[in-house]
Amino acid sequence: MLKLPPAGFERLSQRLLREAGFVQVVVTGRSGDGGIDGYGTLQVNPLVSFKVLFQCKKYKGSVTPSQVRDFRGAMAGRADKGIVITTGTFTAEARREASRDGVVPIELIDGEKLVDMFKKFELGLNPVETYEINDSFFDEFRK
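Residues numbered from 1 in each chain as written. Predicted model: local features only at pLDDT ≥ 70, side-chain atom pairs only at ≥ 80, totals over all residues. Heavy atoms only, no water.

### Considerations on helix α4 (residues 111-121)
Part 1: Every buried residue belonging to α4 is among Gly111, Leu114, Met117 and Phe118, and all of these are buried. All buried residues of α4 fall inside an arc of 120° around its axis, so they share one side. Exposed residues lying more than 90 degrees from the buried face of α4 are Glu112, Lys119 and Lys120.
Part 2: Contact partners of the buried residues in α4: α1 (6-19), β5 (81-86) and β7 (106-109). (Buried < 20%, exposed > 50% of the residue type's maximum accessible area, 1.4 Å probe, protein only. Helix = DSSP H or I, 4+ residues; strand = E, 2+ residues; numbered from the N terminus. Arc of directions from axis to C-beta. Contact = heavy atoms within 4.5 Å.)

### Looking at the nonpolar core
Part 1: Counting residues in each nonpolar core, the largest one holds 15 residues, and the members touching the most others are Ile83 and Leu114.
Part 2: Listing elements by their share of this core, those giving two or more residues are α1, β1 (22-27), β3 (48-57), β5 and α4.
Part 3: What Ile83 contacts, discounting residues up to four positions off in sequence, is Leu17, Phe22, Val52, Leu53, Phe54, Gln55, Phe71, Ile106, Glu107 and Ile109.
Part 4: Counting residues in hydrophobic clusters, the runner-up holds 14 residues, among them Val63, Ala74, Phe90 and Ala98. (Core = buried A, V, L, I, M, F, W, Y, C linked by side-chain atoms within 4.5 Å.)

### Description of unusual backbone geometry
Part 1: A positive phi is found at Gln24, a non-glycine position, where the angle reads about 50°.
Part 2: Within the secondary structure, Gln24 sits in strand β1.
Part 3: Since its relative accessible area comes to 61%, Gln24 is described here as exposed.
Part 4: Phi is positive for Glu122, close to 50°, though the residue is something other than glycine.
Part 5: For Glu122, the position within the fold is in the segment after α4.

### Notes on the packing of α1 against α4
Part 1: Where α1 meets α4, the closest approach of the two axes is 11 Å, and the angle between their N-to-C directions is 55°. One way to sum up the angle between α1 and α4 is to call them oblique. Pair α1 / α4 crosses with left-handed handedness. Touching Phe9, Leu12, Leu16 and Glu19 of α1 are Leu114, Met117, Phe118 and Phe121, all from α4.
Part 2: When the residues that make up the contact of α1 with α4 are grouped by side-chain class, the tally is seven nonpolar, no polar and one charged. (Axes fitted to C-alpha atoms, helices over the stretch in contact; angles between N-to-C directions. Parallel < 35°, antiparallel > 145°, perpendicular 65-115°, else oblique. Left-handed = near helix turned anticlockwise from the far one by under 90°. Nonpolar A, V, L, I, M, F, W, Y, C, P; charged D, E, K, R; others polar.)

### Section: the sheet that holds β7
Part 1: Pairing within the open sheet is mixed, and its five strands lie in the order β1-β2-β3-β5-β7. Edge positions in the sheet fall to β1 and β7, since each of these pairs with one other strand and no more. Geometrically, the sheet is characterised by an average inter-axis angle of 20° between neighbouring strands, direction not taken into account.
Part 2: Of the strand pairs in this sheet, strand β2 (residues 38-45) and β3 are connected by seven bridges, and their pairing is antiparallel. Bridge assignment links Leu42 to a residue of β3, and that residue is Phe50.
Part 3: Its contacts with the sheet place helix α2 (residues 65-75) against β3, β5 and β7, and it is angled at close to 135° to β3.
Part 4: Those strands touched by α4 are β5 and β7, and its axis lies near 80° from that of β7. (Pairing = 2+ DSSP bridges.)

As structure tokens, then:
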């Protein structure tokens, strides 16, 4: 994923959100939108849905609390929830900021969770069955 251009990572995140049940997922692809890379709707049931904005960070390092705050500021009045997707990690302070009381909640998807989701939906991955040799099984035949 780190080899993808930023726009490619945004489109990949769009596909992941669609696989996870979001509808009308759109990558905005606009600069100057305060870090909003896209939006979608999570339809919980026929009566309840949430508008969700997302931001993609193709990082090797950690996303900071100020970046989470900046994203929340860009979201103000525009969505029910936010998601920050990164190939990297989040600092402990960023995690606290994302779940702070009294503000719009932001879900954090780090590189490890991202890979787990790709496994779950088998996106870009082919399942492979592997076997490990149980050496002790052969002990009785060595005598």
